[in-house]
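# Commentary on secondary and tertiary structure
Take a look at the letters that make up each chain.
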Amino acid sequence: MKKRILYVEDDPNLAFATKDNLEEYDFEVIHAADGKEALDFFGKEHFDICVLDIMLPKMDGFTLAEKIRDSDNQVPILFLSAKSLQEDKIKGLKLGADDYVTKPFSIEELKLRIDVFLRRSKSEQAATAKTSTSSIGNYLFDFQKLTLNLNGTSQNLTFREAEVLKYLAERPDTVVRRDELLKAIWGDDDYFMGRSLDVFISRLRKYLSGDPEIRIDNIHGVGFRMRW
């Protein structure tokens, strides 16, 4: 079965070319020209990944991503925009995006980014289907379901949040270098440098705050260490 992409872009020429090329790679691409149309598609159909422009008519990409995350924490969201400022990337990540590609881009780059999510999602979930749950302090972490549970209360995670948490939790009391974590999760040690990675760490600290014994320490100039 073809993987389905919700692709949102208001530039008709770019949209046509990108959709046509992605379909050559055997994806099924559903194109929306504005945010409201995209949200309507998302509410009615299943998608394996969402590729969103930011500057959109009727509803901008940031608002669209936020509304998608309100109903689905698992579908990967990839921003595709001419906005290249670090602040815009961070805002997108805080709203639950998983990745960010800056225009102009090549179709090959976009396909590779999409493939990373689809391949990892399939392989990781298959590999953890029987042993997807683990304990982190007083929390029960279910990687397959993308949830953290504490005393009957469940916190949903995005796929990217779950990946970062899994990587750190599998290495307790170990200093994980920033470049190591970036390469393991994003495949690139300088793509999400600086505050971008810290967005995910900050969210995980908030989610795990119900157990005061759990800490994700920032080892200045080196990386992170998780302990409980």
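Heads up: the structure comes first, above all this text.
A brief report on the enclosed structure follows. (Residues numbered from 1 in each chain as written. Predicted model: local features only at pLDDT ≥ 70, side-chain atom pairs only at ≥ 80, totals over all residues. Heavy atoms only, no water.)

### Things to note about the pattern of salt bridges
- Within this structure, the stated rule accounts for 21 salt bridges.
- Two residues, Asp53 and Lys103, come together in a salt bridge whose shortest N-O distance is 3.4 Å. Placement of Asp53 in the loop between strand E3 (49–52) and helix H3 (61–71) and of Lys103 in the loop between strand E5 (99–102) and helix H5 (107–127) is noted, with a sequence separation of 50 residues between them.
- As a salt-bridge pair, Arg113 and Glu109 come within 3.3 Å of each other at their nearest N and O atoms. Remark: Glu109 and Arg113 occur in helix H5; sequence separation between them is four residues, near one turn of the helix.
- We classify Glu109 as partly exposed; its relative accessible area is 29%.
- Through salt bridges with shared partners, a single ionic network connects Arg215, Asp217, Arg225 and Arg227. (Salt bridge = Lys/Arg side-chain N within 4 Å of Asp/Glu carboxyl O. Helix = DSSP H or I, 4+ residues; strand = E, 2+ residues; numbered from the N terminus. Buried < 20%, exposed > 50% of the residue type's maximum accessible area, 1.4 Å probe, protein only.)

### Some details on the packing of helix H6 (residues 159–169) against helix H7 (residues 178–186)
- Packing of H6 against H7 leaves a shortest axis separation of 10 Å and a crossing angle of 130 degrees. The orientation of H6 with respect to H7, classified from their angle, is oblique. Judged by the twist between their axes, the crossing of H6 over H7 is right-handed. Taken together, the residues of H7 that come into contact with H6 (itself represented by Arg160, Glu163, Val164, Tyr167 and Leu168) are Glu180, Leu181, Ala184, Ile185 and Trp186. (Axes fitted to C-alpha atoms, helices over the stretch in contact; angles between N-to-C directions. Parallel < 35°, antiparallel > 145°, perpendicular 65-115°, else oblique. Left-handed = near helix turned anticlockwise from the far one by under 90°. Contact = heavy atoms within 4.5 Å.)

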